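Examination of the molecular architecture
If you want the building blocks of each chain, they are given just below.
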Amino acid sequence: MTVFGVAVPLLVFACYTGYPDIYTIYLSFFEWNGMAPHKKFIGLANYAYLFQDKYFYIALVNNAKWLIVSLVFPVSLGFLIAYVMKARLVFAPSLLRTIVFFPVTMSLIAVGLMFLLILNPVFGAFDTLLRSVGLGFLVHEWFGDYRIALYTLAVISGWAFTGMPMIFYFAG
């Protein structure tokens, strides 16, 4: 690979990712509404305010939970599915590979709308299934209950991306 082949992607990365990140850190030392022509330097005051805000810690914990669930779930499930296919423990492994990889190709908006209908507590397929097999006590407001909404969204996100680690494990 030539120097040009490495320099151009690094330059593009620096322009579209590095510069905005550095500029955001720079702006965090100012009091500014984003529109006024002048910014007032306040040093670390924004960070002092951040660490005193009780909602910051709630958001930090929620981000850590999201990170753990949305990484562990698709990678583990992808590994398990790839193992089952490699060991030929399933009929039609090519069909399974296609079915598991299909959500990766779907728009996240389509995935969200699909699960909004599937998990609807009134007429959704999942809660209807739970009621029909006598597990009606497990019916929830999957997106409305703050205790489980984060996990519901993380599992949906994990489902949408399980195909990618599965393909990597299957190929390797």
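Residues numbered from 1 in each chain as written. Predicted model: local features only at pLDDT ≥ 70, side-chain atom pairs only at ≥ 80, totals over all residues. Heavy atoms only, no water.

1. Thoughts on the overall build of the chain
Note the cut-off: Only DSSP runs of H or I covering at least 4 residues are called helices, and only runs of E covering at least 2 are called strands; the numbering of each starts at the N terminus. It is over C-alpha atoms that the radius of gyration is taken, and the globule rule equals 2.2 Å times the number of residues to the power 0.38. Think of it in three bands: with a 1.4 Å probe and only protein chains considered, a residue is buried below 20% of the maximum accessible area for its type, exposed above 50%, and partly exposed in between. In these tables, accessible area is a Shrake-Rupley quantity obtained with a 1.4 Å probe, and a residue counts as shielded only by the protein chains included in the view.
Across its full length, the chain holds eight helices and two strands. Reading the helices (α) and strands (β) of the chain from amino to carboxyl end gives α-β-β-α-α-α-α-α-α-α. Its C-alpha atoms give the chain a radius of gyration of 23 Å, more than 25% over the compact-globule value 16 Å for 172 residues. Per-residue burial over the chain gives 21% buried out of 172 residues. When the accessible surface of the chain is totalled, it reaches about 12600 Å², and 75% of it is carbon and sulfur.

2. Comments concerning the environment of Leu96
Going by this rule: It only takes one pair of heavy atoms within 4.5 Å for two residues to be counted as in contact.
Within the fold, Leu96 resides in helix 4 (residues 93-105). Separated by 15 residues in the primary sequence, Leu96 and Ile81 have C-alpha atoms spaced 8.6 Å apart. Apart from residues lying up to four places away in sequence, Leu96 is in contact with Ile81, Met85 and Val90.

3. Notes on the nonpolar core
Stated precisely, the cut-off is as follows: Only buried Ala, Val, Leu, Ile, Met, Phe, Trp, Tyr and Cys residues count toward a nonpolar core, and they belong to the same one when joined by side-chain atoms within 4.5 Å.
By size, the foremost hydrophobic cluster in this structure holds eight residues: Met106, Val111, Phe115, Leu119, Leu130, Trp142, Ile156 and Ala160. Those elements that provide at least two residues to this core are helix 5 (108-118) and helix 7 (149-161). Residues in contact with Ile156, not counting those within four places in the same chain, are Val111, Phe115, Leu119 and Phe143. Core analysis: the second largest hydrophobic core is formed by five residues, Ile81, Met85, Val100 and Met166 among them.

4. A look at unusual backbone geometry
When glycine is set aside, most residues are seen to have a negative phi, and most peptide bonds are trans. Of note, the phi angle at Arg88 is positive, near 55°, even though the residue is not glycine. Mapping Arg88 onto the fold places it in the loop between helix 3 (54-86) and helix 4. Of the residues examined, Arg88 reaches a relative accessible area of 64% and is grouped as exposed. Even without being glycine, Ala92 reaches a positive phi, approximately 60°. Position of Ala92 among the secondary structure elements: in the loop between helix 3 and helix 4.

5. Some thoughts on helix 7
Residues lying three or four places apart along an α-helix face the same way, a consequence of the helix completing one turn every 3.6 residues. The criterion, for reference: Each helix should span, by expectation, one fewer than its residue count multiplied by 1.5 Å.
For helix 7, built from 13 residues, the straight-helix expectation of 18 Å at 1.5 Å per residue is met to within 8% by its first-to-last C-alpha distance of 19 Å. Regarding helix 7, the residues found buried are Ala149, Thr152, Ala154, Ile156, Ser157, Gly158 and Ala160. Residues of helix 7 that are buried make contact with helix 3, helix 4 and helix 5.

6. Overview of the packing of aromatic side chains
Rules: Ring pairs are drawn from Phe, Tyr and Trp, using the six-membered ring of Trp, whenever the two centres fall within 6.5 Å, and their geometry is named by plane angle: stacked under 30 degrees, edge-to-face over 60, tilted for the rest. Criterion for a charge above a ring: Arg CZ or Lys NZ at most 6 Å from the ring centre, at most 35 degrees from the ring normal.
Across all of its chains, the model carries ten aromatic pairs by this definition. Relative to Tyr23, the ring of Tyr19 lies with its centre 5.8 Å away and its plane at 15°, an arrangement referred to as stacked. A residue pair is termed a helical-turn pair when its members lie 3 or 4 positions apart in one helix, as Tyr19 and Tyr23 do in helix 1 (residues 3-27) at four residues. Across the ring face of Trp32, the terminal group of Lys39 is positioned such that the distance to the ring centre comes to 4.8 Å.

7. Digging into the pattern of salt bridges
We apply this condition: Criterion for a salt bridge: a side-chain nitrogen of Lys or Arg within 4 Å of a carboxyl oxygen of Asp or Glu.
As enumerated under the stated definition, the model contains one salt bridge in all. A salt bridge links Arg147 to Asp145, with the nearest nitrogen and oxygen atoms 3.1 Å apart.

8. Brief notes about a nonpolar patch on the surface
Let me state the cut-off plainly: Patch members must show over 30% relative accessible area and no salt bridge, and they are joined within 9 Å when carrying like charges or within 5 Å when they are nonpolar side chains of Val, Leu, Ile, Met, Phe, Trp or Tyr.
Nonpolar side chains collect at one region of the surface, where Trp66, Ile109, Leu113, Leu116, Phe143 and Leu153 lie side by side and expose about 560 Å² of accessible area between them. The leading source of residues in the nonpolar patch is helix 5, at three residues. Judged by its relative accessible area of 31%, Phe143 is partly exposed.

9. Section: helix 8 (residues 163-171)
The test is simple: Here, the arc refers to the directions that run from the helix axis to the C-beta atoms.
When we look at burial in helix 8, the residues that qualify are Gly163, Pro165 and Met166. In an axial view of helix 8, the angular spread of the buried residues amounts to 165°, which keeps them on one side of the axis. Facing away from the buried side of helix 8 by over 90 degrees, the exposed positions are Phe168 and Ala171. Structurally, helix 8 contributes buried residues whose contacts are with helix 3, helix 4 and helix 7.

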